[in-house]
Amino acid sequence: MVLKLYGLTTSTKTRSVAQICKEKEIPYELITVDLRAGEQKLPPHLAIQPFGQVPVIDDDGFILYESRAIGRYLATKYANQGTPNLIPTNPKELAFFEQAASIELSNFEPHAYGVCFEKVFKLRRGLQTDEAALAKHLETLNAKLDAYEVILSKQKYLAGDYVTLADLYHLPFGMMVEGLGYDVFQRRPNVARWWNDISNRPSWSAVKNGA
Ligand SMILES: N[C@@H](CCC(=O)N[C@@H](CS)C(=O)NCC(=O)O)C(=O)O
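The model shown is predicted, which means the values in this text are computed figures rather than measured ones.

## Topic: the site of the ligand
S11, T12, K13, L35, Q40, K41, G52, Q53, V54, P55, E66 and S67 make up every residue found near the ligand. A distance of 3.1 Å separates an oxygen atom of the ligand from a polar side-chain atom of Q53. A distance of 2.8 Å is found between a nitrogen atom of the ligand and a backbone nitrogen or oxygen belonging to V54. Contact with the protein chains hides 75% of the accessible area of the ligand, taken as 510 Å² for the molecule alone.

Set out below in structure tokens:
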């Protein structure tokens, strides 16, 4: 049975999972959960995602949520098709992957999300941007990307010399920050090279405007 992806074309994390399906050449059926109508908080969806969020996959009855966990599952299950080594198997390369994945989760997303929260998500809810909070997130994000520049001056991708899930996980919020006009990537030569590489992958072009 084709993989079911519960989510929404405009959802950052749904796009992240859809991109990994493209990388791994996994056909999927997108089942729309209308977030604006609050469907994610209704009992049918809560039965598969107790936090009332998307994305969720149903792989022939195997239900999984949390986009990063879904990415790891798909990259492992379909290790022999599509882009290889999205999760490395060699122990040292795997350790570098875990390091990179942790960098994305703890150093990048909180601040990239913070910028999007202040400039996009709050406005959608009729709230106002907290300019001080926005400035702090941008300052911190820039400081973190200075460290990325050091890492990426020595290697092509965040975990080493080939692309992994850790790189791809940056795309949804990174694209949103860039789309808001904040030049956080292009001003650093090695970050720019890395960012232009990952954001021009065919898998991302296929889903970035709708999973
Ligand atoms: N950590 C979760 C975050 C999921 C998430 O924030 N999903 C958003 C859409 S991108 C959502 O469902 N928002 C609606 C809500 O929280 O009610 C993941 O990576 O899957």
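## What about the environment of S16?
Inspection of the secondary structure puts S16 in helix α1 (residues 12-23). Taking C-alpha positions, S16 is 24 Å from A147, a pair spaced 131 residues apart along the chain. Other than its neighbours up to four places away in sequence, S16 contacts Y169 and P172.

## Focus on helix α8 (residues 189-199)
Of the positions making up α8, those classed as buried are V191, A192, W194, W195, I198 and S199. Burial along α8 is one-sided: seen end-on, the buried residues are contained in an arc of 165 degrees. In this structure, the buried residues of α8 make contact with α5 (131-152), α6 (165-168), α7 (171-179) and α9 (202-207).

## Description of the UniProt feature "domain: GST N-terminal" (unreviewed entry) in the protein chain
This chain's UniProt record puts "domain: GST N-terminal" (unreviewed entry) on residues 1-82. The distance from the first to the last C-alpha atom of residues 1-82 is 19 Å, and the span holds 33% helix and 22% strand.

## Observations concerning the sheet that holds strand β2 (residues 28-32)
Reading across the sheet, the 4 strands line up as β2-β1-β3-β4 and stay open at both edges, with mixed pairing between neighbours. Two strands close off the open sheet at either side, each with one partner strand: β2 and β4 (62-65). Across the sheet, the axes of successive neighbouring strands diverge by a mean angle of 20 degrees, strand direction being ignored. Bridge analysis of strand β1 (residues 3-7) against strand β3 (residues 56-59) gives 3 bridges, and the strand direction is antiparallel. Its bridge partner lying in β3, L5 is registered against I57. The sheet contacts of α1 involve β1, β2 and β3, and relative to β1 the element is tilted by about 160 degrees. Across the face of the sheet, helix α3 (residues 67-77) comes into contact with β1, β3 and β4 while running at roughly 130 degrees to β4.

## Details of the pattern of salt bridges
Going through the model one piece at a time under the given rule, you end up with 9 salt bridges. As a salt-bridge pair, R68 and E104 come within 3.0 Å of each other at their nearest N and O atoms. With a gap of 36 residues between them, R68 in helix α3 and E104 in helix α4 (residues 91-124) connect regions that are remote in the sequence. For the residue pair R68 and E104, the accessibility class agrees, reading buried in each case. K136 is the salt-bridge partner of E139, the closest N and O atoms lying 4.0 Å from each other. Of this pair, E139 and K136 both sit in helix α5, separated by 3 residues, roughly a single helical turn. One network of salt bridges, with partners in common, ties together K13, R68, E104 and E109.

Basis of the calculations
Residues numbered from 1 in each chain as written. Predicted model: local features only at pLDDT ≥ 70, side-chain atom pairs only at ≥ 80, totals over all residues. Heavy atoms only, no water. Near = heavy atom within 4 Å. Polar contact = N/O pair within 3.5 Å; in protein donor to acceptor, adjacent residues only side chain to side chain. Areas by Shrake-Rupley, 256 points an atom, 1.4 Å probe, with all protein chains shown as cover. Helix = DSSP H or I, 4+ residues; strand = E, 2+ residues; numbered from the N terminus. Contact = heavy atoms within 4.5 Å. Buried < 20%, exposed > 50% of the residue type's maximum accessible area, 1.4 Å probe, protein only. Arc of directions from axis to C-beta. UniProt positions renumbered as here; feature names shortened; annotations may be inferred. Pairing = 2+ DSSP bridges. Axes fitted to C-alpha atoms, helices over the stretch in contact; angles between N-to-C directions. Salt bridge = Lys/Arg side-chain N within 4 Å of Asp/Glu carboxyl O.

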